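So you can see what is in the structure, the chains are spelled out below.
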Amino acid sequence: MKSNTIADAVVIGGGVVGTAITYFLARNNMEVILVEKGAIASGTSGRCEGDVLVSDKVHGFDCRLTKLSQDLFPEIANELDYDISWTRKGSLLAIENEEEMEEAKKLCTQLTAEGLPVRILDQYEVHEDEPYLAPDIVGGMETDCDGSLNPMALAYGLVHGAKKMGARVSTHSAVTDIRLDANGCIERVATEREKFVTNHVVNAAGVWAPEIGKLVGLDIPIKPRQGQLLVAERTFSVARRKVMEFGYMMAKFQSSGYTRDVTPEMEKYGIALVFEPTEAKNFLIGSSRRFVGMDTSCHIDVLQAMAQRAIRFFPVIEDIKIIRSYAGLRPFTPDHLPIISETEIPGFYVAAGHEGDGIGLSLITGKLISQMICEQPLAITTEPLKLSRFKDG
Amino acid sequence: MDSGDKFEIEVDGKTILARKGQTIAEALLANGLRALRTTRKQAPRGVYCGMGICYECRMIVNGIPNVRTCMTMATPACKVTTQDDSRITLEK
């Protein structure tokens, strides 16, 4: 065991959230150490889609937080030495029927009031926009500011950038112990190989955050929610940008009891169309949502139901071959908002629970945690993101 | 084999003869056509494994891109086009 290393802060977790925090802390002249039990981006960040979206957020705080994060990407993409494939082509929510169209118009008004570049496309316009959409799709909601990137490149790019500013990174090094001093403040972090003396620890361990929380006796209500994805072969341009279905959001967010015209399997597996063209001219098909513990294997009935759902929106892809599938674990919280928070333990911070929004929210999370530790004014209130909101049931 | 076993297929707008029971790749090779596809960097590619594994012999068949010609039977009047991987289009 090496002797103790002294640092201003230790960040636990080498996904996009932990690497972003490390980057922003290093940029704030903090001596920071990133520890990760596996490799960089080896967990959830390496098993996702790479979306930076505001269009699937609830209007209000969720939307403002996401937009703040989104607007940091051009700057950071420019700062990093790595090409993170950041593109901002916008996104389209496909609308299946008139009932959805009415809701979409209401949502569009709300999002426009938030200052977002959102627009409703009618049946003619939506097919002009995406000619391969099924003819019966009645319209779409377009969000011009949405973007996508390569999440592995983002995580590695942030690590590289942080190292250049003096950060240290220790991979394949799981945290085994976090020690508090006599006043209950953070004093030391031990990994399998090293010990670090520090007053600040950030738990950015995603679906593993509850385990790290236990080391200091904190209950962190994050559950792994599995999402599977299909990768199609390189082919013609089926869609020019991200396409999702409006009906799923409506079923998820509205209390009106709206149900989609889907099979019982699609309902059971939480399947909603996500169609994502990639830089390499392949495309990804999602999405599914299941609570199956830490299982990251794909299941054929889920994959089939996802493919079926995608064919409903893009009948033309029926003959296109699927070359791969993969599953990731999204860190789910009971109220669908992340935890970006100080805690009752002085010096212990939580930045986890972003579910499917980790890529999009990574940069604002990094910025906010760095502002908390450096005692700077926060970019946005973090009141709705506090860990303490889950207390008192 | 008598002439009744032969039929025409179209390759890049030209007509060649194929025999009943041949895959498209076999018919092309029998006619001396070896470059079936170009990569994104415009290098030619042709039949390699001949058994559906390597995906090198992909062409546009009846408008559908990425068809493995070694696994696809030649049929009368089928239309085959050299595939350019730098710009795959659907010709349906």
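Residues numbered from 1 in each chain as written. Chains lettered and ligands numbered in written order. Predicted model: local features only at pLDDT ≥ 70, side-chain atom pairs only at ≥ 80, totals over all residues.

Enquirer: Sorry, what's going on with the overall build of chain A here?
Expert: Within chain A one finds 11 helices and 20 strands. Along the first, second and third principal axes, the C-alpha set of chain A runs to 65 × 40 × 40 Å. Within chain A, the proportion of its 393 residues that are buried is 49%. A fraction of 75% describes how many contacts in chain A between residues 6 or more apart in sequence connect residues 24 or more apart. (Helix = DSSP H or I, 4+ residues; strand = E, 2+ residues; numbered from the N terminus. Buried ≥ 20, exposed ≤ 12 C-beta atoms within 10 Å, placed from the backbone. Contact = placed C-beta atoms within 7 Å.)

Enquirer: Looking at this model, I keep getting lost on the overall build of chain B. Mind explaining?
Expert: When helices and strands are tallied, chain B shows one helix and eight strands. The order of α-helices and β-strands along chain B, N terminus first, is β-β-α-β-β-β-β-β-β. What you see for chain B is a C-alpha radius of gyration of 13 Å, in line with the 12 Å of a compact globule of 92 residues. Overall, chain B is about 40 × 30 × 20 Å in size when its C-alpha atoms are taken along their principal axes. (Rg over C-alpha atoms; globule rule 2.2 N^0.38 Å.)

Enquirer: Would you mind going over the interface of chain B and chain A with me for this structure?
Expert: Interface size, as often reported, equals the accessible area lost upon joining of the parts. Listed by partner, the interface residues are seven residues for chain B and seven residues for chain A. For the side of chain B that touches chain A, a count of residues per class yields four nonpolar, two polar and one charged. (Nonpolar A, V, L, I, M, F, W, Y, C, P; charged D, E, K, R; others polar.)

Enquirer: I'm lost on the nonpolar core in this one. Help?
Expert: Residues Val10, Ile12, Ile21, Val202, Ile285 and Ala351 of chain A are the most contacted members of the largest nonpolar core, which totals 115 residues. In terms of residue count, the dominant contributor to this core is helix H1 (residues 16-27) of chain A (eight residues). The two domains that each donate at least three residues to this core are domain 1 (5-47 + 151-221 + 335-390) and domain 2 (91-144 + 223-332) of chain A. When residues no more than four places from it in sequence are discounted, the contact partners of isoleucine 285 of chain A are Leu229, Leu230, Ala232, Val274, Phe275, Met306, Ala307 and Ala310 of chain A. With 17 residues, the next largest nonpolar core counts Ile9, Ala27, Leu28 and Val47 of chain B among its residues. (Core = buried A, V, L, I, M, F, W, Y, C linked by C-beta atoms within 7 Å. Domains from an automatic or database assignment.)

Enquirer: Would you mind going over the environment of isoleucine 186 of chain A with me for this structure?
Expert: Residue and element names in this part refer to chain A. Within the secondary structure, isoleucine 186 is located in strand E11 (residues 186-191). Considered as a pair, isoleucine 186 and leucine 230 are 44 residues apart in the sequence and their alpha carbons are 43 Å apart. If near-sequence neighbours (up to four positions away) are discounted, isoleucine 186 is found in contact with Ile178, Leu180, Thr198, Asn199, His200, Val201, Ile345, Pro346, Gly347 and Phe348.

Enquirer: Looking at this structure, how should I read the environment of glutamate 192 of chain A?
Expert: Looking at the element boundaries, glutamate 192 of chain A is found in the loop between E11 and strand E12 (195-197). Residue glutamate 192 of chain A is classed as partly exposed on the basis of its C-beta count, with 13 C-beta atoms lying within 10 Å.

Enquirer: Looking at this model, I keep getting lost on the sheet that holds strand E7 (residues 79-81) of chain B. Mind explaining?
Expert: By way of backbone hydrogen bonds, the strands of a sheet pair with one another, either parallel or antiparallel. All names here are of chain B. Across the sheet, five strands lie side by side as E2-E1-E7-E5-E6; this open sheet has mixed pairing. Looking along the sheet, the strands with just one partner apiece sit at the ends: strand E2 (14-19) and strand E6 (64-68). Between one strand axis and the next, the sheet turns by 40° as a mean value, whatever way the strands run. As paired strands, strand E5 (residues 58-61) and E7 are joined by two bridges and run antiparallel to one another. Directly across from isoleucine 60, in E7, lies its bridge partner threonine 81. (Pairing = 2+ DSSP bridges. Axes fitted to C-alpha atoms, helices over the stretch in contact; angles between N-to-C directions.)

Enquirer: How should I be thinking about the pairing of strand E7 (residues 139-143) of chain A in this particular structure?
Expert: Residue and element names in this part refer to chain A. Taken across its five residues, E7 has five buried, putting it largely inside the fold. Note that strand E5 (residues 91-95) and E7 share five bridges and pair antiparallel. Following the sheet pairing, alanine 94 is matched in E7 by glycine 140.

Enquirer: What should I look at first to understand the sheet that holds strand E3 (residues 37-38) of chain B in this one?
Expert: Residues and elements named next belong to chain B. On the basis of which strands lie adjacent, the open sheet formed by three strands has the order E4-E3-E8 and mixed pairing. Two strands in the sheet have a free side with no partner beyond their single neighbour: strand E4 (44-45) and strand E8 (83-84). Examined bridge by bridge, E3 and E4 share two bridges and lie antiparallel to one another. Bridging across to E4, threonine 38 finds its partner in proline 44.

Enquirer: Sorry if this is basic, but what is going on with the domain arrangement of chain A here?
Expert: Residue and element names in this part refer to chain A. If you check the domain split of chain A, you get domain 1 (5-47 + 151-221 + 335-390) and domain 2 (91-144 + 223-332). Computed over C-alpha atoms, the centres of domain 1 and domain 2 are 31 Å apart. Split into classes, the residues belonging to the side of domain 1 that touches domain 2 amount to three nonpolar, five polar and two charged.

Enquirer: Looking at this model, I keep getting lost on the packing of H1 of chain A against helix H11 (residues 358-373) of chain A. Mind explaining?
Expert: Each pair of packed helices gets described by two things: the angle between the helix axes and the distance between those axes. Residues and elements named next belong to chain A. Interhelical geometry of H1 versus H11 gives an angle of 40° and a closest axis separation of 8 Å. The orientation of H1 relative to H11 falls into the category oblique. With respect to the hand of their crossing, H1 and H11 are arranged in right-handed fashion. Of the residues in H11, those in contact with Val16, Val17, Ala20, Ile21, Tyr23, Phe24 and Leu25 of H1 are Gly358, Ile359, Ser362, Leu363, Thr365, Gly366, Lys367, Ile369, Ser370 and Ile373. Here the residues of the contact of H1 with H11 sort into 11 nonpolar, five polar and one charged. (Parallel < 35°, antiparallel > 145°, perpendicular 65-115°, else oblique. Left-handed = near helix turned anticlockwise from the far one by under 90°.)

Enquirer: Would you take a moment to explain H11 of chain A for this structure?
Expert: Residues spaced three or four apart along an α-helix face the same direction, because each turn holds 3.6 residues. Residues and elements named next belong to chain A. Within H11, the axis deviates most sharply at isoleucine 364, by approximately 30°. For H11, a buried count of 14 out of 16 residues is recorded, marking the element as mostly surrounded by other parts of the structure. Positive backbone phi, at 55°, marks glutamate 375, one or two positions downstream of H11. (Bend = angle between axes of the 7 residues up to and from the residue.)

Enquirer: Explain the environment of tyrosine 156 of chain A to me, please; I cannot follow it from the model alone.
Expert: Residue and element names in this part refer to chain A. Within the secondary structure layout, tyrosine 156 lies in helix H6 (residues 151-164). A count of 20 C-beta atoms within 10 Å places tyrosine 156 in the buried class. Remark: the alpha-carbon pair of tyrosine 156 and isoleucine 40, spanning 116 residues in sequence, is separated by 6.8 Å. Residues in contact with tyrosine 156, not counting those within four places in the same chain, are Ile40, Ala41 and Tyr82.

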